[in-house]
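Structure assessment
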Amino acid sequence: RSKEGKERAIENGKWPGGLPPYGLIVNKVTKKLQLYKDKILLCKYSEVDVIKKIYDLCVKLGLTCHKIAKRLNQEGIPPYTKEKNRGARQKKAKYWTGERVRNLIKEPIYKGEYIIGRRSNGTIKSTEIKVDAIVTEEVWDAAQKVLQNNIIISNKNSKYQYLLTGKLACSECKRNFTGHNDHGI
């Protein structure tokens, strides 16, 4: 019965439970997600403002997720809101990380669509809940391209530096060439 009740609530556009995503809060009356525009304690931004700032830094300046996290930490912006997550038992993050920023940028809920029940094997019926968008779909798509470009030119795991890595593209598949040093010829 609880599974059926949860599915019925999702079909009506209600939040199924748990902590809402960053930048959103559950309305106590309608049980639907809405934008969380209250200012974060000791900060001049709200969670919605922080999400917009993250996307701006990514799209307009082309910063990597780790550089964005470093900026947020330097400005003293907390990665969660104490007032919003008062009853949560989860361990709270003390500072922003590149992984957290990346996960926020990749999340489609910020362009106004949230899919609940998405599973790779298709065992659970997925339902899309419409929420208020924080960024436009064009900005969200541009951020995805910046993330992809930052992965291609990343020096994180490379043993050698190649001058043209990520600069030349294959004429057939349009993917960027990357350097590779093969000593096993």
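Residues numbered from 1 in each chain as written. Predicted model: local features only at pLDDT ≥ 70, side-chain atom pairs only at ≥ 80, totals over all residues. Heavy atoms only, no water.

1. Here we look at unusual backbone geometry
Here is the rule we go by: Helix and strand assignments come from DSSP, with helices taken as H or I runs of at least 4 residues and strands as E runs of at least 2, each series counted from the N terminus.
The backbone of lysine 31 sits at a positive phi, close to 65°, despite the residue not being glycine. Summarising the element assignment, lysine 31 is placed in the loop between strand 1 (24–26) and strand 2 (33–35).

2. Things to note about the packing of aromatic side chains
Going by this rule: Centres within 6.5 Å are what make two rings of Phe, Tyr or Trp a pair, Trp counting through its six-membered ring; a difference in plane orientation under 30 degrees is then read as stacked, over 60 as edge-to-face, and the rest as tilted. Each residue is placed in one exposure class: buried if its accessible area under a 1.4 Å probe, protein chains only, is under 20% of its type's maximum, exposed if it is over 50%, and partly exposed if it falls in between. Counting as a charge over the ring demands two things of the Lys NZ or Arg CZ atom: a distance within 6 Å of the ring centre and an angle within 35 degrees of the ring normal.
One pass over the full model with this rule turns up one aromatic pair. With a centroid separation of 5.5 Å and 80° between ring planes, the pair formed by tyrosine 22 and tryptophan 96 is classed as edge-to-face. Residue tyrosine 22 is located in the loop between helix 1 (2–11) and strand 1, and its partner tryptophan 96 is located in the loop between helix 3 (65–74) and helix 4 (98–106); the two are separated by 74 residues in the primary sequence. Residue tyrosine 22 is classed as buried on the basis of its relative accessible area, which comes to 6%. Here the guanidinium or amino end of lysine 111 rests over the ring plane of tryptophan 140, the centre of that ring lying 3.9 Å away.

3. What to know about a nonpolar patch on the surface
We apply this condition: Two distance rules govern patches: like charges are joined within 9 Å, and nonpolar side chains (Val, Leu, Ile, Met, Phe, Trp, Tyr) within 5 Å, applied only to residues with over 30% relative accessible area and no salt bridge. Calculation of accessible area relied on Shrake-Rupley with a 1.4 Å probe; when residues are assessed, cover is drawn exclusively from the protein chains displayed. Salt bridges are counted wherever a side-chain nitrogen of Lys or Arg sits within 4 Å of a carboxyl oxygen of Asp or Glu.
On the surface, Leu163, Leu164, Leu168 and Phe177 cluster together to form a nonpolar patch covering roughly 460 Å² of accessible area. Looking at where leucine 168 falls in the secondary structure, it is placed in the segment after helix 5 (137–152). Judged by its relative accessible area of 43%, leucine 168 falls in the partly exposed class.

4. What to know about the nonpolar core
Counted only if it meets this: By convention a nonpolar core is built from buried Ala, Val, Leu, Ile, Met, Phe, Trp, Tyr and Cys residues, the set being connected through side-chain atoms within 4.5 Å. Two residues qualify as a contact provided that any one of their heavy atoms is within 4.5 Å of a heavy atom in the partner residue.
Val50, Ile54, Ile68, Trp96, Val101, Ile105 and Tyr110 are the most contacted members of the largest nonpolar core, which totals 38 residues. Going through the elements one at a time, strand 2, helix 2 (47–59), helix 3, helix 4, strand 3 (113–116) and helix 5 are the ones with two or more residues in this core. For this core, the element with the most residues is helix 2, which contributes seven residues. Sequence-distant contacts of valine 50, that is, excluding residues within four places in its chain, are made with Tyr22, Ile40, Tyr45, Leu72, Ile77 and Trp96.

5. A word on helix 4
How we decide: Along the arc lie the directions from the helix axis toward the C-beta atoms.
Within the sequence span of helix 4, burial applies to Gly98, Val101, Leu104 and Ile105. Each buried residue of helix 4 lies within a common arc of 125° when the element is viewed along its axis, so the set occupies one face.

6. Some points on helix 2
Threshold: What a helix is expected to span follows from its residue count: subtract one and scale by 1.5 Å.
In a regular helix each residue adds 1.5 Å, so 13 residues correspond to 18 Å; helix 2 covers 18 Å between its end C-alpha atoms and thus fits that length. Of the residues making up helix 2, those classed as buried are Glu47, Val48, Val50, Ile51, Lys53, Ile54, Tyr55, Leu57 and Cys58.

7. Quick word on the environment of threonine 127
The topology assignment puts threonine 127 in strand 4 (residues 127–130). Relative accessible area serves as the criterion here: at 18%, threonine 127 is assigned to the buried category. Considering only alpha carbons, one finds threonine 127 and glycine 13, 114 residues apart in sequence, at a separation of 9.0 Å. Here threonine 127 is in contact with Ile10, Tyr114, Ile115 and Ile116, once residues within four sequence places are set aside.

8. Re the confidence of the model for the protein chain
Operational definition: pLDDT expresses, on a scale from 0 to 100, how confident the predictor is about each individual residue.
Residues with a pLDDT of 70 or more make up 75% of the protein chain, whose mean pLDDT is 78. The spread of mean pLDDT over the elements of the protein chain runs between strand 4, the lowest at 75, and helix 2, the highest at 93.

9. A look at the pattern of salt bridges
Inspection of every chain in the model, using the stated rule, returns four salt bridges. A salt bridge links lysine 111 to glutamate 113; the nearest nitrogen and oxygen atoms lie 4.0 Å apart. Residue classification places lysine 111 among the buried residues on the basis of a relative accessible area of 16%. For glutamate 113, a relative accessible area of 23% gives the class partly exposed.

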